[in-house]
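The lines below spell out each chain.
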There are 2 protein chains.
Amino acid sequence: MTTLLTTVDVAKIVAVHGLPEMHRRLVAYLEADFRRWPEFDKTARTAAHSPVGVIELMPVANASEYSFKFVNGHPGNTKHGLSTVMAFGALADVETGLPTLLSELTITTAIRTAATSVMAAKLLARKNSKVMALIGNGAQSEFQALAFHHLLGIEEVRLFDVDAAATDKLAVNLAAAAPALRVRFCASTRDAVRGADIVTTVTADKANAVIVDADMLEPGMHVNAVGGDCPGKTELAAQVLECAKVYVEFEPQSRIEGELQQMPADFAVTELWRVLTREAEGRTSDTEITVFDSVGFALEDYSALRLLRDCAAELRLGRSIDLVPRMDDPKDLFGHLMGTAAARKAA
Amino acid sequence: MTTLLTTVDVAKIVAVHGLPEMHRRLVAYLEADFRRWPEFDKTARTAAHSPVGVIELMPVANASEYSFKFVNGHPGNTKHGLSTVMAFGALADVETGLPTLLSELTITTAIRTAATSVMAAKLLARKNSKVMALIGNGAQSEFQALAFHHLLGIEEVRLFDVDAAATDKLAVNLAAAAPALRVRFCASTRDAVRGADIVTTVTADKANAVIVDADMLEPGMHVNAVGGDCPGKTELAAQVLECAKVYVEFEPQSRIEGELQQMPADFAVTELWRVLTREAEGRTSDTEITVFDSVGFALEDYSALRLLRDCAAELRLGRSIDLVPRMDDPKDLFGHLMGTAAARKAA
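In the nomenclature of an unreviewed UniProt entry, chain A is known as Ornithine cyclodeaminase of uncultured Lysobacter sp.

Describe the overall build of chain A, with residues and values.
Looking only at helices and strands, one finds 11 helices and 17 strands in chain A. Considering only C-alpha atoms, chain A reaches an extent of 70 × 45 × 40 Å along its principal axes. Sorting the 347 residues of chain A into buried and exposed places 62% on the buried side. Partitioning the intrachain contacts of chain A with sequence separation of at least 6 by distance along the chain shows that 72% fall at a separation of at least 24. Both charge centroids of chain A, one from 35 positive and one from 45 negative side chains, sit 4 Å from each other.

Outline the sheet that holds strand β4 (residues 65-73) of chain B, listing residues and values.
Residue and element names in this part refer to chain B. Spatially, the seven strands line up as an open sheet ordered β2-β3-β4-β5-β6-β1-β17, and their pairing is mixed. Bordering the open sheet on either side are β2 (46-50) and β17 (319-321), each of which pairs with just one other strand. Averaged over all pairs of adjacent strands, the angle between their axes in this sheet comes to 15 degrees, without regard to strand direction. Sheet analysis places β4 next to strand β5 (residues 87-93), joined by seven bridges and oriented antiparallel.

Go over the relation of the copies chain B and chain A with me, naming the residues and quoting the values.
After a rotation of 180 degrees and a shift along the axis of 0.0 Å, chain B superposes on chain A with an RMSD of 0.0 Å. The transformation just described matches what one would write down for a two-fold rotation axis. Of the interface residues in chain B, 100% have counterparts in chain A that sit at the interface too, so the contact is made through matching surfaces.

I'd like to hear about the interface of chain B and chain A, residue by residue, with values.
The partner chain A presents 77 residues to the 77 residues of chain B that form the contact. Both sides of the chain B and chain A interface together cover about 6900 Å² of buried area, and 73% of this is carbon and sulfur. Connecting chain B to chain A are two salt bridges. Ionic pairing is found between B:D163 and A:K331, a salt bridge with its closest N-O pair at 2.7 Å. Applying the counting rule to chain B against chain A returns 18 residue pairs in polar contact (both at pLDDT 80 or more). With nine residues, the single largest contributor to the side of chain B that touches chain A is helix α11 (residues 333-346) of chain B.

Please give an account of the domain arrangement of chain A that cites residues and values.
All names here are of chain A. By domain assignment, chain A separates into domain 1 (2-107 + 299-324) and domain 2 (114-296). Put simply, the middle of domain 1 and the middle of domain 2, counted by C-alpha atoms, are 23 Å apart. In total, about 2400 Å² of surface goes out of reach between domain 1 and domain 2, with carbon and sulfur atoms giving 69% of it. Three residues, H23, W37 and R45, lead the burial of domain 1 against domain 2; their summed loss comes to 24% of the area buried on that side. A salt bridge links K122 to E31; the nearest nitrogen and oxygen atoms lie 2.9 Å apart. Where domain 1 touches domain 2, the interface holds six residue pairs in polar contact (both at pLDDT 80 or more). When contributions to the side of domain 1 that touches domain 2 are tallied by element, the ones reaching two or more residues are α2 (19-35), β2 (46-50) and β3 (53-61). When residues in the side of domain 1 that touches domain 2 are grouped by element, the largest group, 10 residues, is from α2. Here the residues of the side of domain 1 that touches domain 2 sort into 11 nonpolar, six polar and seven charged.

Account for empty space enclosed by the protein, naming residues and giving values.
Summed over all chains, the structure comprises two cavities of 30 Å³ or more. When its volume is computed, the largest cavity comes out at roughly 50 Å³. Looking at the largest cavity, the residues that line it are B:V10, B:V14, B:M22, B:L26, B:T108, B:I111, B:A304, B:L307 and B:L308. Mapped onto the lining of the largest cavity, the elements with two or more residues apiece are α1 (7-17), α2 (19-35), α3 (106-124) and α10 (298-315) of chain B. Looking at side-chain class alone, the lining of the largest cavity contains eight nonpolar, one polar and no charged residues. Approximately 40 Å³ is the volume attributed to the second largest cavity. Lining the second largest cavity, in full, are A:M22, A:L26, A:T108, A:I111, A:R112, A:A304, A:L307 and A:L308. Among the elements of the structure, α2, α3 (106-124) and α10 (298-315) of chain A are those that each provide at least two residues to the lining of the second largest cavity. Taken together, the residues of the lining of the second largest cavity sort by class into six nonpolar, one polar and one charged.

Break down α3(A) for me, citing the residues and quoting the values.
Every α-helix carries 3.6 residues per turn, so stepping three or four residues along brings you back to the same face. Its 19 residues give α3(A) an end-to-end C-alpha distance of 27 Å, which sits within 8% of 27 Å, the value for a rise of 1.5 Å per residue. In terms of burial, α3(A) is a largely internal element, 17 of the 19 residues being buried.

Residues and numbers for the packing of aromatic side chains, please.
Enumeration according to the criterion identifies 23 aromatic pairs over all chains in this entry. Measuring from centroid to centroid gives 5.8 Å for A:F334 and B:F143, while their planes differ by 80 degrees, and the two rings are edge-to-face. Of this pair, A:F334 sits in helix α11 (residues 333-346) while B:F143 sits in helix α4 (residues 141-152), on two different chains. Like B:F143, A:F334 is buried. Among the aromatic residues, those joined into a ring-pair cluster are A:Y66, A:F68, A:F70, A:F88, B:Y66, B:F68, B:F70 and B:F88.

Can you tell me about the pairing of strand β5 (residues 87-93) of chain A, naming the residues and giving the values?
Residues and elements named next belong to chain A. Of all the seven residues making up β5, six are buried; the element is thus mostly covered by neighbouring parts of the structure. Bridging between β5 and strand β6 (residues 99-104) involves five bridges; their strand directions are antiparallel. Each residue of the ladder has a partner; that of A92, found in β6, is P99. Where β5 folds back onto β6 in an antiparallel hairpin, the turn is made up of five residues, including G97, whose phi is positive at roughly 85 degrees.

Cut-offs used in this document
The numbering scheme is per chain: residues are counted from 1 as the chain's sequence reads. To read the labels, note that chains go from A and ligands from 1, taken in the order they are written. Totals for whole chains, interfaces and linings use all residues, but because this is a predicted model, local features are given only for residues with pLDDT of at least 70 and pairs of side-chain atoms are given and counted only at 80 or more. The side-chain numbers reported here are obtained from all heavy atoms of the structure, hydrogens and water having been left aside. Here a strand is any run of E in DSSP of at least two residues, a helix any run of H or I of at least four, and the numbering for each starts at the N terminus. Exposed residues in this analysis have more than 50% of their type's maximum accessible area, buried residues have under 20%, and partly exposed residues fall in between, with area computed by a 1.4 Å probe over protein chains only. We call two residues contacting when some pair of their heavy atoms lies within 4.5 Å. Lys and Arg are tallied as positive, Asp and Glu as negative. Neither His nor the chain termini are counted. To locate a charge, take atom NZ for lysine, CZ for arginine, CG for aspartate or CD for glutamate. Here, strands pair whenever DSSP counts at least two bridges between them. Under this scheme, a helix contributes an axis fitted over its contacting stretch, all axes are lines through C-alpha atoms, and angles between N-to-C directions fall in the 0 to 180 degree range. Copy-to-copy superposition: least squares on the C-alpha atoms, limited to residues that have pLDDT of at least 70 in both copies. Here the quantity called buried area is the accessible surface, traced with a 1.4 Å probe, that two parts lose on coming together, added over both. Note on definitions: salt bridges are taken to be side-chain nitrogens of Lys or Arg within 4 Å of carboxyl oxygens of Asp or Glu. We call two N or O atoms a polar contact when they sit within 3.5 Å, provided that within protein one can donate a hydrogen and the other can accept it, with sequence-adjacent residues counted only if both atoms are side-chain atoms. The domain boundaries here were taken from an automatic or database domain assignment. For this scheme, ten residues count as nonpolar: Ala, Val, Leu, Ile, Met, Phe, Trp, Tyr, Cys and Pro. Four count as charged, namely Asp, Glu, Lys and Arg, and the remainder, Gly too, count as polar. Cavities and pockets were defined on a 1 Å grid built from protein atoms only: a cavity is a group of points that admits a 1.4 Å probe but offers it no way out, a pocket is an open group of points flanked by protein on both sides within 12 Å along at least five of seven lines, and a lining residue is one with an atom within 4 Å of any such point. Grid points are joined across faces, edges and corners, and a volume is the space filled by probe spheres set on the points. Here the expected length of a helix is defined as 1.5 Å per residue gap, with one fewer gap than residues. To pair, rings of Phe, Tyr and Trp, with the six-membered ring standing in for Trp, must have centres within 6.5 Å; the planes then decide the type, stacked if under 30 degrees apart, edge-to-face if over 60, and tilted in the middle.

Set out below in C-alpha cells:
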C-alpha cells in the first residue's frame, strides 16, 4: 500500500509542530542529505516548456530510496486564482520500485526552499546578520522571512514588490506570525537593499530581469537568489555574479537554469555540499560578497519527503491508497484484475 | 481538485466494458495520438538503475496536455510477492500546470502495452495471421494473447516459459477468458516459434538474452519484441534484426533501450507513426520478416490516461483529492496554510 498525504495532512503537521520547528527539522534533514551528496544518483530535471510556463520532473536516488517531484512554474496563474507553483511527489524503494509515499508538495516546496536558503546562509552570510531585504512578496515570501527570522536571527525585513497588495499581505501575515520581526515597506528594490546584510530575491516573472544590479551591492552582503530558476528567468545582473563568490546546488542544472546561465561555461562556482563537508570554503571575510544561486534541486525534495514521512508516522496521518495492486500471485495480474473486477461488478 | 483513480477504479472500468473493448478503444486512442506525433514534445525517459532493477519517469506533452508515468522494472520482485512492473501517472494542464488526474498504471500498462503491440501488428504482420508464439508467460502475457485474439484474429497461441507454472497459469486464464482461442504448450522457444505467423517475446530477465535466434525465423514472420526495454535487457539475436525490417516507437529512446542497442548507430529503422501516416511503408510482401522493437513510450501512457479519464467520467468513478491547495488568494499560500492548520487543530 502507498500512503497518501494531502495538503490538509501537511497543514496538520505544520499545525502540530509549528512552522519554525518544521523549518528547523528540515534544515537538519537537508544538511544530513547534502553531506552524503556523493551517494546520490543526480540528474538535471526534465522540463517541458510552453509559452506560459514550465512543468518539471525532478528525480533523485541513492542505494535505498528513490524520489521525484512534479512541479510547475506559471507566473500568470495567480490571475486565474491558481498558484504560480504547484507540486506533488513520491518516495519509492530502490530494492523493489514500490511507491511508498505520495504527497502534496506545494506547501512543502515553500518550506523546503526557505530551509535550503537558510542552510546556505548559515555557511555564506556574515555572522550576526540582522537585516534582510526581501524582493518579491508572493507565495514564498513569508516562508523566507520567517525561516531567516527564527533560524538565523534576522530582526528586520525590508520589503518590496511591484504588486503593493502582495507586500501588504506579507506584512499582515508577518505581524501575526512573528511580532518581534520589524517590517519596513520600501519604495524600490534599491531602497530595500540599502544597508541589508542579506538580499533575498524571490520574484516570479519568467524574464531576464535585473532585480539586483551591481551598484546596489555593499561589502559583506549575501545574496539569496531564489527566483531565477529556469532558462530565460533570471534576477541578477551578470555584474553581480562577477564581483561575488557564487555557490550553487547541482552545477550541471544551475548552468542551465540559474543566474549562471548568463555567464561563460567556465565561470567558477562552488557546489554547496562541498562547503558543508569542508572540502571548500564558504565566506572567509566580512567584506566579500556571496551569492547563493538557488534553483531548487531534487535532493531537497527528497529531504522534505523524508521529513513528511517521519512526521506523518509520528502523528498517524495520511491514508493508504491502492495505487499499485496487491496480488497473491504477482505473475497473475490478469487473474487479479478479473477477480477485482468481478468483485466490483457483484458489489 | 485532482481526480484519483486507484487499481480498484480501473478494475471497475474493465469490469463494465470488458477487456476486449478496453483494448479496442485504446488502440483507437493510440492511433489518433501516433498520427499527430509531430505535435508532441518528446524525450527519452529518465532511468535510475540499481543492481536489481530500474525506476523510470516518462513525460510527454503537446500544446494543451502534459502527462508522465512513474514505472519500475524489477525482475526479482515476483520472489517477494510484488509485481515486476508497477506504475502510476498523471495528466496536467499545460496552460496552468494543474494536475487533473492521478491514476494507477500497473494494470493499465499491461493493457496499453498489448494495445500498442496490436497497433504495430495491424501495420506489420501478414494479413490473416492466425498463430502466435508467446514466449514469456508472466503478468503481461494474457493481455497480449487476448488483444491479438480479439483484435487481430489470432486463433492459436503457442506458449513457452522457463517457469512452467507461469504457463499453466496463462493457459487456465485463457481457457476461462477466451474458450475459442486454441492453446498449445511448447517444449522450447524453438518449438513454439515453428510455424507461427507472429512471435511475441515478453520475458522479464534483465540480461542480454537470446530468446529468438535468426535460425528460428521463417519467411513472413512478424516479431513483436516487448521484453527488451532497457540497457542490458534484450531478447533477440542481433542477426534477427539484420534480416528484418525493424520498426520502433521513438528512435532516440529505442537506440538506448531496445533490441537496437545491439546494432550500429546507423542501423536503419522506421518510427511506427510514419507508417500510420503513410509517410513510410509497413509490410510490403508476405515473405519479408518484420520486427516491432517495442520498449514502451510515454505517448502510449498519455493515450491510456486519456482513455481512463474518459471512462471514469462516463462511469462517475474516482474521487477528488487535495493534491494541490485551493486558495482564495493564490499569492497567500502562508495564510492558506495557517487557516487550514488552525481549522485542523481546532477540529
